[in-house]
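The residues making up each chain are set out below.
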Amino acid sequence: DKHSRVAGDEWLFEGPGTYIPRVEIQVVEIVKAIIIKPNQALRLRARKEFTDKSGVKRRAGEEWLVREVGAYLPNVEEEVVQTISAYVLTDKKAIHLQATKTFTDVFGKERKAGEEWLVTLDDAETHIPDVYENVIGEVKITTLTSRQYSVVLDPVGEDGKPQMGRRVLRKGEAIFFLRPGERLESGIQNVHVLDSDEALLLRAREAFKDGTSERKPGDRWMIYGPSDYVPPVQVEILEKRKAIALDENEGIYVRDLKTGKVRAVSGQTYMLSPYEELWEKDLPAVVEDLLNKNDGRSNDPKAVQKPTGPRNKTRVVTYRAPHNAAVQIYDYKAKKARVVFGPDLVMLGPDEQFTVLSLSGEKPKRAHVIKSLHLFLGPDFMTDIVVVETSDHARLSLNLSYNWFFEIKRDGETAEGEKIFSVPDFVGDACKAIASRVRGSVASVSFDHFHKNSASLIRQAVFGADESGNVRNRFAFSSNGLVITNIDIQSVEPVDQRTRDALQKSVQLAIEITTKSQEASAKHEAERREQEARGRLERQKITDEAEAEKARKDLLELQAQSATVEASGQATAEARARAAAAAIEGEAAVKQAQLQAEANKIKAQSDLEQTKAKQDAEINHQKALNELEVNKARDLSSIEAKKFKDVVDAIGADTIKSIAQAGPEMQAKLLQGLGLKGFLITDGNSPINLFNTAGGLIGGVNQTQN
């Protein structure tokens, strides 16, 4: 080594080679080369200022990357920090980087400290982060289908800088990476598909031109279906509306946002306009509670709470007025009331409210017990307990029941309908009026007099008497048309215990006196009936004895007649018996002969049927045999015909023809060889007609000459 070294210097002796250290040199360590694989880099840090192998000057603490693939032997001034692997980029993944200081990246772009950017597959297939690049994370690609869209907030411009406050609409089909600083408003959204009864309520964020319409900020309008809609960035979707189908008995409250006017819509399918909204109608808590009950009353133990949920306040409030009842509704805007008579359906307008009735209840009557939306018109009854005091200071508790009804004309447009609601608590008012009359009447009579004439005194006190002194049959209240038609005294009990005990004793004494009197009357009546029964019994005995003597006389006469008949009737009976025996024997013989004839007939019939059955069986058997023979002959003929046909087919038609022609042809050839025209051979036993033969020969000659 030709370099000059001072104490403390460190250097490398790079192989290949053999090194023998001198006594002045200490071998600190053996350094092996580090293998840098593809998609890897070695991060180094300078221990002190020096110039590296590439000729670049490095300051102490500076870091850099060695990206060359292969073996790298670090210098003594270099410290290996770590081995960095590359990020593999795909078409669906990118990496988000941030610069820790100003530098120029591997793509030749200058990055400012704090700047953020994406490295995608378009930039490189793999990327090894530089020492001044901080990996924020991986970014997945955003995919939009043809039925999706998204709004990007703070988009990155062409200069790579985010445009703060801007909004960009991106429709599918599209794929893109969100740049650093970009974000989606409400994520990926589906295209709004509207049915024929649906619409979108829109509002302009800023001024823009919508087709041929100029929209100003704050303008509201609606897009009606059927269609699909993607809102531009200048438009805000307030809500999706659906047409509300309403029956004649259903309705909704609609408020005009421009005028503030509220109206009720019913009996149609209604779609809100852009400047309309559903209005919620609030009702008092007591009305809400009464509407949730089946009968509209708060103290009825039979009332059942409706299983429905909270009332939809935008729906028109409806109430079914029961039969023979009236409901009053007050319009606070028009300042007038209307009365609806049941059975009918009450529908409240926007400014109308129910008149809640607060009636007295229980026994004795207590105010504000019954809450009700309707008023029954009767006839009905109510019960009250009234405490009265007689002139002799006896305090009594009367349990009274009143029959009542409202006498009005059922016409809600007249004052008659409002008349029944003029008294807020007609029950308490009527009970107090009747109780005051009863107290005044009872106070003027003694206890004994009242006890004997309580019903007439109370009826006269309540109903009063006409000019002729007769008690009237009704007590009418002119203020509200209430009429009391009858009073039933259910019980009268003294309030004072001593009076009650004395009254009970007197009642018991009266009961005992009455009981004893009834017992004496019953005993006297029983004795009288017993004497009458004894007299009837004696008369019956005498009558029975006379009848018995008469019956005995008749018996003796019958016995005498019986003896006479017995003497003369024995011979007649024997003759009749012999005649009857002979008749029976004759009838028996005739019957026996008839039975014998019937038996012979049955036997002959059975023999005939047996013979007929045997003959039928033989005929059937012979018929079956004949059919078998016929079938057999038919089958044999079929077999012979088939055999002959098979033989003919096997020999052939030409062969058979040749066989048939062979005999005559040979005979003709023999005759030609002998020179004969014909010959006749006979044994002399068979006669031959030579005339015909001669005629045939002559005819043959003539034919030959001709």
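Residues numbered from 1 in each chain as written. Predicted model: local features only at pLDDT ≥ 70, side-chain atom pairs only at ≥ 80, totals over all residues. Heavy atoms only, no water.

Draft legend 1. Structural context of the overall build of the chain. Check the secondary structure of the chain and you find eight helices and 43 strands. At 69 Å, the chain has a C-alpha radius of gyration far larger than the 27 Å of a compact globule built from 706 residues. Projected onto its principal axes, the C-alpha coordinates of the chain cover approximately 195 × 180 × 80 Å. Within the chain, the proportion of its 706 residues that are buried is 28%. For the chain, the proportion of contacts with a sequence separation of at least 24, taken over those separated by at least 6, is 61%. If you sum the accessible surface of the chain, you get close to 47,800 Å²; carbon and sulfur atoms cover 52% of it. (Helix = DSSP H or I, 4+ residues; strand = E, 2+ residues; numbered from the N terminus. Rg over C-alpha atoms; globule rule 2.2 N^0.38 Å. Buried < 20%, exposed > 50% of the residue type's maximum accessible area, 1.4 Å probe, protein only. Contact = heavy atoms within 4.5 Å. Areas by Shrake-Rupley, 256 points an atom, 1.4 Å probe, with all protein chains shown as cover.)

Draft legend 2. Molecular detail of the sheet that holds strand β16 (residues 148-153). Ordered in space as β17-β16-β19, the three strands form an open sheet in which the pairing is antiparallel. Each having just a single partner strand, β17 (167-171) and β19 (183-190) make up the two edges of the open sheet. Put simply, the sheet's adjacent strands are angled 15 degrees from each other on average, direction ignored. Where β16 meets β17, five bridges bridge the pair, whose relative direction is antiparallel. Across the sheet, residue V152 finds its bridge partner in β17, namely V168. (Pairing = 2+ DSSP bridges. Axes fitted to C-alpha atoms, helices over the stretch in contact; angles between N-to-C directions.)

Draft legend 3. Spotlight on unusual backbone geometry. Residue E173 follows G172 across a cis peptide bond; omega there is 5 degrees. Backbone torsion omega between G342 and P343 reads 0 degrees, so that peptide bond is classified as cis. Within the secondary structure, P343 sits in the loop between β34 (336-341) and β35 (344-347). Even without a glycine there, the phi angle at D154 is positive, about 50 degrees. Backbone geometry at H393 places phi at a positive 60 degrees, although glycine is not the residue there. Mapping H393 onto the fold places it in the loop between β40 (380-389) and β41 (395-406). Since its relative accessible area comes to 64%, H393 is described here as exposed.

Draft legend 4. Representation of helix α7 (residues 653-674). The terminal C-alpha atoms of α7 lie 33 Å apart, and with 22 residues this matches the ideal 32 Å at 1.5 Å per residue to within 8%. At A662, α7 shows its maximal kink, close to 35 degrees; a proline, P664, follows between one and four residues later. Within α7, only one of the 22 residues are buried, which leaves it mostly out in the open. (Expected span 1.5 Å × (residues − 1). Bend = angle between axes of the 7 residues up to and from the residue.)

Draft legend 5. The arrangement of the confidence of the model for the chain in detail. Mean pLDDT over the chain works out to 85, with 92% of the residues at or above the 70 mark. Helix α8 (residues 690-705) is the least confidently modelled element of the chain, averaging 51 in pLDDT, while strand β28 (residues 251-256) averages 96, the highest of any element. (pLDDT = per-residue confidence, 0-100.)

Draft legend 6. View of the packing of helix α3 (residues 426-442) against helix α5 (residues 454-463). Two elements in contact, α3 and α5, have axes whose closest approach is 9 Å; the angle formed by their N-to-C orientations is 125 degrees. One element, α3, and the other, α5, form an angle in the oblique class. Crossing geometry of α3 relative to α5 is assigned as right-handed. Side by side, α3 and α5 meet where I434, R437, V438 and S441 of the first sit next to L457, I458, A461 and V462 of the second. By residue class, the composition of the contact of α3 with α5 is six nonpolar, one polar and one charged. (Parallel < 35°, antiparallel > 145°, perpendicular 65-115°, else oblique. Left-handed = near helix turned anticlockwise from the far one by under 90°. Nonpolar A, V, L, I, M, F, W, Y, C, P; charged D, E, K, R; others polar.)

Draft legend 7. Representation of the sheet that holds strand β14 (residues 133-140) within the structure. The strand order across the open sheet formed by three strands is β12-β9-β14, and the pairing between neighbours is antiparallel. Of all strands in the sheet, those with a lone pairing partner are β12 (116-119) and β14, marking the two edges. Ignoring which end each strand starts from, the neighbouring axes of this sheet average 30 degrees apart. Bridge count between strand β9 (residues 93-99) and β12: four bridges; the pairing is antiparallel. By the bridge assignment, I95 is partnered in β12 with V119.

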